[in-house]
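Next come the chains, spelled out residue by residue.
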Amino acid sequence: MTPHVAAPDPQAGAAVKAADRAHVFHSWSAQGLIDPLAVAGAEGSYFWDYDGNRYLDFSSGLVYTNIGYQHPKVVAAIQEQAGKLATFAPAFAVDVRSEAARLIAERTPGDLDKIFFTNGGAEAVENAVRMARLHTGRHKVLSAFRSYHGATSTAINLTGDPRRWASDTGTAGVVRFWAPFLYRSPFYSENEQQECERALAHLEDTIAFEGPATIAAIILESVPGTAGIMTPPPGYLAGVREICDKYGIVFVLDEVMAGFGRTGKWFAADNFDVVPDLITFAKGVNSGYVPLGGVAINAEIAATFDKRPYPGGMTYSGHPLACAAAVATIQVMEEEKVVEHAAHIGENVLGPGLRELAERHPSVGDVRGLGVFWAIELVRDRETREPLVPYNAAGEAAAPMAAVGSTMKKNGLWPFINMNRVHAVPACNVSEAEVKEGLAALDAALSVADEYTA
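Residues numbered from 1 in each chain as written. Predicted model: local features only at pLDDT ≥ 70, side-chain atom pairs only at ≥ 80, totals over all residues. Heavy atoms only, no water.

A. Structural view of the sheet that holds strand E3 (residues 54–57). The mixed open sheet is built from 4 strands, whose spatial order is E1-E2-E3-E14. On the outer flanks of this sheet lie strand E1 (39–43) and strand E14 (413–414), each paired with one strand and no other. The pairing of strand E2 (residues 46–49) with E3 spans 3 bridges and is antiparallel. Following the sheet pairing, Phe47 is matched in E3 by Tyr55. Docked against the sheet, helix H13 (residues 432–450) engages E2, E3 and E14, running at close to 105° with respect to E3. (Pairing = 2+ DSSP bridges. Helix = DSSP H or I, 4+ residues; strand = E, 2+ residues; numbered from the N terminus. Contact = heavy atoms within 4.5 Å. Axes fitted to C-alpha atoms, helices over the stretch in contact; angles between N-to-C directions.)

B. Representation of the environment of Cys428 within the structure. With respect to the helices and strands, the residue Cys428 is situated in the loop between strand E16 (421–424) and H13. Under the relative-accessibility criterion, Cys428 is labelled buried at 0%. Expressed as a C-alpha distance, the spacing of Cys428 and Ile345, which sit 83 residues apart in the sequence, is 8.4 Å. (Buried < 20%, exposed > 50% of the residue type's maximum accessible area, 1.4 Å probe, protein only.)

C. Structural view of the packing of aromatic side chains. With the rule as written, the count across this model stands at 12 aromatic pairs. On the numbers, 6.0 Å between centres and 65° between planes, the contact of Phe260 with Phe281 is edge-to-face. One end of the pair, Phe260, is in the loop between strand E8 (250–254) and strand E9 (278–281); the other, Phe281, is in strand E9, with 21 residues separating them in the sequence. Judged by its relative accessible area of 0%, Phe281 falls in the buried class. Just above the ring of Tyr148 sits the side chain of Arg163; from NZ or CZ to the centre is 4.1 Å. (Phe/Tyr/Trp six-rings, centres within 6.5 Å; stacked < 30°, edge-to-face > 60°. Lys NZ or Arg CZ within 6 Å of the ring centre and 35° of its normal.)

D. Representation of the sheet that holds strand E10 (residues 293–297). Taken together, 7 strands build an open sheet; the order of strands is E4-E10-E9-E8-E7-E5-E6 and the sheet is mixed. For this open sheet the edge positions go to strand E4 (114–118) and strand E6 (174–177), each flanked by a neighbour on one side alone. For this sheet the average axis-to-axis angle between neighbouring strands, irrespective of direction, equals 20°. Where strand E5 (residues 140–144) and E6 come together, 4 bridges link them in parallel fashion. If you follow Leu142 over to E6, its bridge partner there is Val175. Its contacts with the sheet put helix H7 (residues 192–210) on E5, E6 and strand E7 (215–221), and the angle it makes with E6 is roughly 150°.

E. Geometry of the packing of helix H11 (residues 338–360) against H13. Between H11 and H13, whose axes approach to 10 Å, the crossing angle comes to 20°. It follows from the interaxial angle that H11 and H13 lie roughly parallel. Every pair of crossing elements has a handedness; the one defined by H11 and H13 is right-handed. Of the residues in H13, those in contact with His344, Ile345, Val349, Leu350, Gly353, Leu354, Leu357 and Arg360 of H11 are Glu432, Val435, Leu439, Leu442, Asp443 and Leu446. When the residues that make up the contact of H11 with H13 are grouped by side-chain class, the tally is 9 nonpolar, 2 polar and 3 charged. (Parallel < 35°, antiparallel > 145°, perpendicular 65-115°, else oblique. Left-handed = near helix turned anticlockwise from the far one by under 90°. Nonpolar A, V, L, I, M, F, W, Y, C, P; charged D, E, K, R; others polar.)

F. Expanded view of the pattern of salt bridges. Inspection of the entire model under this criterion finds 20 salt bridges. Among the ionic pairs, Glu356 bridges to Arg360, the shortest N-O distance being 2.7 Å. On the criterion of helical spacing, the pair formed by Glu356 and Arg360 is a turn pair, its members being 4 residues apart in helix H11. On the basis of relative accessibility, which here comes to 37%, the residue Glu356 falls in the partly exposed class. The class of Arg360 is partly exposed, set by a relative accessible area of 42%. What you see here is one network of salt bridges that share partners, running through Glu99, Arg102, Glu106, Arg107 and Glu334. (Salt bridge = Lys/Arg side-chain N within 4 Å of Asp/Glu carboxyl O.)

This is the structure:
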């Protein structure tokens, strides 16, 4: 698909930006220090501004436009649903809501056949934890240091990255542990088998010292996203499943970012042959066209609320427009074999391309991922593995990564950058030609990163 870029209209862009700066309060930002790009349109894997600049989106929005922008079948489904039934309260049975739940449940692993709809991923995490606590009668929840679970109250406390710090009350019943990450192993492991064994031993030790009877749930991203796309070593998630079974702990997998084709499977858990008790999802379920998230629930936890009311809900839960977008998105992914395509791109185009770049650029310390879910870790020194910028760097300390990002944008590539990493996370239906275009822009940007190496 070659997107049509309208004629440049800088005056219109200036008006959009002026209104934004006058009235929009942006997330995660110092309001006086940002300069948001005014977007004029988007289609497929591209978007463009009012000055006529077109960008290949290697961030998929915030890793959610899994089928790209403005897919005509999903847009048409939303339009049709708006004409039929634009909204309705969540307590009623509505055809499109039921169909969305059925299609999601058909693709979840195991017996996760009940779907509780939310408005996004953070709310999904909030409710998954609430379900686990009510089901077990326990309060503590274990989460990994390298993680992101959302910005609402419980979700931000579960999060491991620095965005938690300003909101962490230290009283939310959250206990953090180290999940496996061989490249920066906290266990001094020499290979993946050691990392898996030592990480599982550490987790079980943490449970023992916290008191197994106090722990309601362990929550993990199947493949951590914003924290670095660290694919777990073989056997790790299965080992966590065994530990949870041993102590009666609910196993929650957060698939908000990794689900719906991102890793080359419908759910990332399918890469590891593991079935959790709860799965949280959002983002790719309808490519973000209308806000939607949810919790997929197994039979045992669902039965807890057969005669006991579940104390949670949202006005817009299972919104008909969002569900219509989900139904259409899942159908498109089936018809166009988007999940299979994402696996092919990762195995045969994006993965090999990134590894080839790593061989030529001394700033690349590690490349890891699967499907269309990859991270390039940038370092000053490959031997010491010193990050290109310090952990949670800001201002002048973050200048090297800012220069890398600026170079990508100048070459028409919109990046996803976090700390010392560039994440390559294009749409699941990105073409081979588009991936090669993105790799060329990455190549130029990595030359900038090389200038900071030892």
